[in-house]
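# Remarks on the overall topology
Below, each chain spelled out in residue letters.
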Amino acid sequence: MIKTTFIEEDFVKYEDPKNIMMELFGVTCSVCGIEEIDFIDQKAPKTLGQVAQEILDENPEIDDEELNEMIEPQIEAWQELDDYNASIGMPTFLCYNCHDQLIEGEISISMNCEDTENN
Ligand SMILES: [Zn+2]
């Protein structure tokens, strides 16, 4: 099912301590491509920064390599979400402006899908 309307509840505030997502993937707004993410899909898993923070709180002595290994499953969860979202026309990451405009219905997400069902 392709998503065409968006409401505030579709998104939550994006918090990524230390900008780990940005550093690892160079995440950008799914709509306009700028690097200032303010909102993410409410279905999104915890950000890598949040997960890293929790791991570090519990294991302050952990080294980078171990930390990376523990974050790995979360990276896959993000990849899956992003792939799924791409298939339904749901942006995973949004900047402030695009978030506002999507909810106001001022912009829409363009999809590369050809045959959508006839209504
Ligand atoms: Zn944007």
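Overview of the structure.

Cut-offs applied
- Residues numbered from 1 in each chain as written.
- Predicted model: local features only at pLDDT ≥ 70, side-chain atom pairs only at ≥ 80, totals over all residues.
- Heavy atoms only, no water.
- Helix = DSSP H or I, 4+ residues; strand = E, 2+ residues; numbered from the N terminus.
- Polar contact = N/O pair within 3.5 Å; in protein donor to acceptor, adjacent residues only side chain to side chain.
- Donors = N, O, S within 2.8 Å, 3.2 Å for Na, K, Ca; no water.
- Tetrahedral: all angles 85-135°; square planar, octahedral: opposite > 155°, others 65-115°.
- Buried < 20%, exposed > 50% of the residue type's maximum accessible area, 1.4 Å probe, protein only.
- Phe/Tyr/Trp six-rings, centres within 6.5 Å; stacked < 30°, edge-to-face > 60°.
- Lys NZ or Arg CZ within 6 Å of the ring centre and 35° of its normal.

With respect to the secondary-structure elements, aspartate 41 resides in strand 2 (residues 39-41). At 2.8 Å, the side chain of aspartate 41 forms a polar contact with the side chain of lysine 43.

Donor atoms from the polypeptide that coordinate the zinc ion comprise Cys29 (SG), Cys32 (SG), Cys95 (SG) and Cys98 (SG), at 2.3 Å from the metal. Taken together, the 4 donor atoms surrounding the zinc ion define angles of 102 to 115 degrees at the centre, an arrangement classified as tetrahedral. Linear spacing of the donor residues for the zinc ion on their chain is C-x2-C-x62-C-x2-C. Judged by relative accessible area, which is 2%, cysteine 95 ranks as buried. Cysteine 98 gets classed as buried once you look at its relative accessible area, which sits at 6%.

Phi at lysine 18 takes a positive value of approximately 65 degrees, unusual for a residue other than glycine. Residue lysine 18 is classed as exposed on the basis of its relative accessible area of 60%. Its identity is not glycine, yet asparagine 19 carries a phi of approximately 50 degrees, on the positive side.

Turning to the packing of aromatic side chains, a few remarks are in order. This model, assessed by the stated rule, comprises 3 aromatic pairs. One aromatic cluster in this structure is built from Tyr14, Trp78 and Phe93. Over the ring of phenylalanine 39 we find lysine 13, and its NZ or CZ is 5.0 Å from the ring centre.

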